[in-house]
Amino acid sequence: MLRILQVRDGDGQVVVAWDGVGSARAVRGVTSTYELAKSAIEAGQSLAERIDALGYGAEVDLELARREGRLGLPASHPDPAHFFVAGTGLTHLGSADGRDKMHKAAQSAEKPTDSMRMFQMGVEGGKPSEGQEGVQPEWFYKGDGSQLRATGEDLVSPAFALDGGEEPELAGIYLIGANGTPYRLGFCLANEFSDHVTEKGNYLWLAHSKLRQAALGPELIVGELPQSVEGMSRIRRGEEVIFEKPFVSGEANMSHSIANLEHHNFKYDLFRRPGDLHVHFFGTATLSFSEGVKTEPGDVFEISAEPFKLSLVNRLTVAAATSVSVRKL
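What this report covers is the structure whose coordinates are included nearby. Treat the numbers as computed from the prediction; the structure is a model and nothing was measured. (Residues numbered from 1 in each chain as written. Predicted model: local features only at pLDDT ≥ 70, side-chain atom pairs only at ≥ 80, totals over all residues. Heavy atoms only, no water.)

1. As for unusual backbone geometry
Excluding glycine, residues mostly carry a negative phi; peptide bonds, for their part, are mostly trans.
Phase 1: A cis amide bond links E306 with the next residue in sequence, P307, at an omega value of 15°.
Phase 2: With respect to the helices and strands, P307 occurs in the loop between β16 (300-306) and β17 (312-318). (Helix = DSSP H or I, 4+ residues; strand = E, 2+ residues; numbered from the N terminus.)

Rendered as structure tokens:
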């Protein structure tokens, strides 16, 4: 599988192409995945074809780059305000269980929660036949590109947050072409970091709970993913592993097809603005919060999965409290 990475190099960065096995090499003529993808669209080429056309430069030691903290986001926009960060939930088989537990207390035992109803809608209509439109999933907004963190960087929880919990997921990264067509560049590992205590307080606070930072793994895998992706989510507190649980993704483990999730995101004109980047989180069924874990500042999240070769590792920190006031002009 072709993998594309951005590696910091001095004051700049290099774009790296890697097959996951042999040597990783810099791609000539570009300094960002964004620039590479734009040139591929303009040339009418795939990413792999464009890389071959541009040619390869020096070898890049990815293990050294990891140790030195130089592995960047798999894609970035020159203006982070033009990088949309959004996602969908209740998309994985089994994903309703934890969410249902969070919200059931507020409703009668005889009445299904909105989470369970949404999940069941996906099971029944989330994988439509070709040419058909499936049921729309839950959707949420997380912010813009300024919210994204690379592996090795801290995930900073706001001082007012009630929780800072991991969500191990896969995400797709997209560039909108000059004619408004969304182009999927590839897939990456992700930690869709959220505030589950706030969400548990009231389902209508879901939007508040999602306005948090998020982390993306360094590898952008080009092409299609395996039907089943198996990984591991861990939380370390000092030398101790306080949480460890496998997670699965890929369409074999999902109630929605990826194409259906993509359709319901990009059906809005706002999300087909030429030149914009998008990252879309595809959801998860594994949360430490559902297992009773309360994270603390200093905890380290580790997410790994095949076919990705590099893990996503981030430490939890908490921002200093700030006071915000509105002034009348």
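2. A few points about the sheet that holds strand β13 (residues 229-237)
Phase 1: Taken together, the five strands give an open sheet; going across it, the order is β8-β17-β16-β13-β14, and neighbouring strands pair in mixed fashion. Looking at which strands have only one partner, the edges of the open sheet turn out to be β8 (155-157) and β14 (240-249). The sheet shows a mean angle of 20° between the axes of neighbouring strands, taken without regard to direction.
Phase 2: Relative to β16, β13 runs antiparallel, the two sharing seven bridges. Each residue of the ladder has a partner; that of R236, found in β16, is V300. (Pairing = 2+ DSSP bridges. Axes fitted to C-alpha atoms, helices over the stretch in contact; angles between N-to-C directions.)

3. Some points on the pattern of salt bridges
Phase 1: Inspection of every chain in the model, using the stated rule, returns 20 salt bridges.
Phase 2: In this structure, the salt-bridge partner of R25 is E59, at a minimum N-O distance of 3.6 Å. Highlighted residues: R25 in strand β3 (residues 24-27) and E59 in strand β4 (residues 56-60), separated in sequence by 34 residues.
Phase 3: Judged by relative accessible area, which is 53%, E59 ranks as exposed.
Phase 4: With a shortest N-O distance of 2.6 Å, E302 and R236 are connected by a salt bridge. In this pair, E302 is assigned in strand β16 and R236 in strand β13, connecting sequence segments 66 residues apart. (Salt bridge = Lys/Arg side-chain N within 4 Å of Asp/Glu carboxyl O. Buried < 20%, exposed > 50% of the residue type's maximum accessible area, 1.4 Å probe, protein only.)

4. Description of the pairing of β3
Within a regular strand, side chains alternate between the sheet's two faces.
Phase 1: Bridging between strand β2 (residues 12-18) and β3 involves two bridges; their strand directions are antiparallel. Note that in β3 the partner of V16 across the bridge is A26.
Phase 2: The hairpin turn running from β2 into β3, its antiparallel successor, is five residues long, and G20 in that turn takes a positive phi close to 85°.
Phase 3: In terms of strand pairing, β3 meets β4 through three bridges, oriented antiparallel. Counted as the bridge partner of V27 is Y56 from β4.

5. Description of the layout of surface pockets
Phase 1: Estimates place the volume of the second largest pocket at around 190 Å³.
Phase 2: What lines the second largest pocket is a set of 13 residues, and nearest its centre among them are S46, L47, Y183, R184 and L185.
Phase 3: Top contributing element to the lining of the second largest pocket by residue count: strand β10 (residues 182-191), with four residues.
Phase 4: A breakdown of the residues in the lining of the second largest pocket according to their chemical character gives seven nonpolar, five polar and one charged. (1 Å grid on protein atoms, 1.4 Å probe; cavity = no way out; pocket = protein on both sides within 12 Å on 5 of 7 lines; lining within 4 Å. Points joined across faces, edges and corners; volume = space filled by probe spheres on them. Nonpolar A, V, L, I, M, F, W, Y, C, P; charged D, E, K, R; others polar.)

6. Thoughts on the packing of helix α1 (residues 33-43) against helix α2 (residues 47-54)
Helix packing geometry: the angle between the two helix axes and the distance between the axes.
Phase 1: Contact pair α1 / α2: the axes reach a minimum separation of 9 Å and the direction vectors enclose 100°. In terms of orientation, α1 and α2 fall into the roughly perpendicular class. Note on element contacts: α2 touches α1 through L47, R50, I51 and L54, opposite L36, A37, S39, A40 and A43.
Phase 2: Class assignment for the residues of the contact of α1 with α2 results in seven nonpolar, one polar and one charged. (Parallel < 35°, antiparallel > 145°, perpendicular 65-115°, else oblique. Contact = heavy atoms within 4.5 Å.)

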